[in-house]
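Listed here are the chains, written in short residue letters.
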Amino acid sequence: MSATGSTRRARWFTTAGADPHADHQVFLFPHAGGTAPAYQAWAATLPSTMDVRTLQLPGRQERLGEAPFTDLAPLLDALLEVFEAELDGRPYLLFGHSFGALLAYRLSVAAAENGLPTPALLATSAWAPALEPAAELDRVATMSDAELLDRVGQLGLMPEGTTLDPATLASIMPALRADFLAAGSLREDGEPAPCPVAAYCGTSDPIVAPGAMAAWADHSADFLGAAEFPGGHFYLFDHTAALQHSLERHLRRLSARI
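My aim in this report is to walk through the structure given alongside it, one point at a time.

Reading guide: rules and limits
Residues numbered from 1 in each chain as written. Predicted model: local features only at pLDDT ≥ 70, side-chain atom pairs only at ≥ 80, totals over all residues. Heavy atoms only, no water. Axes fitted to C-alpha atoms, helices over the stretch in contact; angles between N-to-C directions. Helix = DSSP H or I, 4+ residues; strand = E, 2+ residues; numbered from the N terminus. Parallel < 35°, antiparallel > 145°, perpendicular 65-115°, else oblique. Contact = heavy atoms within 4.5 Å. Nonpolar A, V, L, I, M, F, W, Y, C, P; charged D, E, K, R; others polar. 1 Å grid on protein atoms, 1.4 Å probe; cavity = no way out; pocket = protein on both sides within 12 Å on 5 of 7 lines; lining within 4 Å. Points joined across faces, edges and corners; volume = space filled by probe spheres on them.

### Topic: the packing of helix H5 (residues 145–154) against helix H6 (residues 166–184)
Where H5 contacts H6, the axes come no closer than 11 Å and their chain directions differ by 70 degrees. Put simply, H5 runs roughly perpendicular to H6. Touching Asp-145, Leu-148, Leu-149 and Val-152 of H5 are Leu-169, Met-173, Leu-176, Arg-177 and Phe-180, all from H6. Taken together, the residues that form the contact of H5 with H6 break down as 7 nonpolar, no polar and 2 charged.

### Observations concerning empty space enclosed by the protein
Scanning all chains against the criterion turns up 3 cavities of 30 Å³ or more. As a volume, the largest cavity reaches approximately 240 Å³. Lining the largest cavity are 20 residues, with Ala-32, Ser-98, Phe-99, Glu-132 and Phe-180 positioned closest to its centre. Broken down by secondary-structure element, the contributors of at least two residues to the lining of the largest cavity are helix H3 (99–113), H5 and H6. With 4 residues, H6 is the single largest residue contributor to the lining of the largest cavity. Across the lining of the largest cavity, the residue classes break down as 14 nonpolar, 3 polar and 3 charged. Roughly 50 Å³ of internal volume is contained in the second largest cavity.

Written as structure tokens, this is what we have:
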């Protein structure tokens, strides 16, 4: 199933105010069920040299009336169309967290296959190819609401014991479940990223085994290494400055190569 209607009817990438004079465009891709506002504070502290845009997928907040994508292939087709319209000739960075890292990686591959400029850097957080088998993702996606929320709670997204009212559940569960289904529909083909890759994770992430992010070395001819920070699956919100400084350093070094 895919989202209905034209891909251009709603805004896929949100920004607090695009800066045409910034050196780089930066595209942020949130976690499963995540929204653009959830990354607003994180994005606000990126350097002024970065023009930041955050993905807002169908099925959440102002796009609640649109059916979320449950299959990766049509999602990438729609995403590539709107993404191409966002590019303005500046070098760009893709940063994705968890499910967002999967999307950013496959978007970079699709960009190369379709003759678009490739990223100056692909930064992946808390996800690597073959990290979770598709069968496991499918199982998670078909859990009851309570079971799925418990799984999400184990990742640290919500405090333990959190309860949600029926209206809130009805607004967030379809997108969350759809994102798991979309992730589970990926069939690994070993396709390398067409650009340098930097990887990040938390040292106590329950779904990222020690050293798992090093798998990116097999999916990029220019792997810049994996950095680990104290914390769980959502470590990035506790180590914003250090992670963003790392991204900026990578971009500076890559720019110096040219």
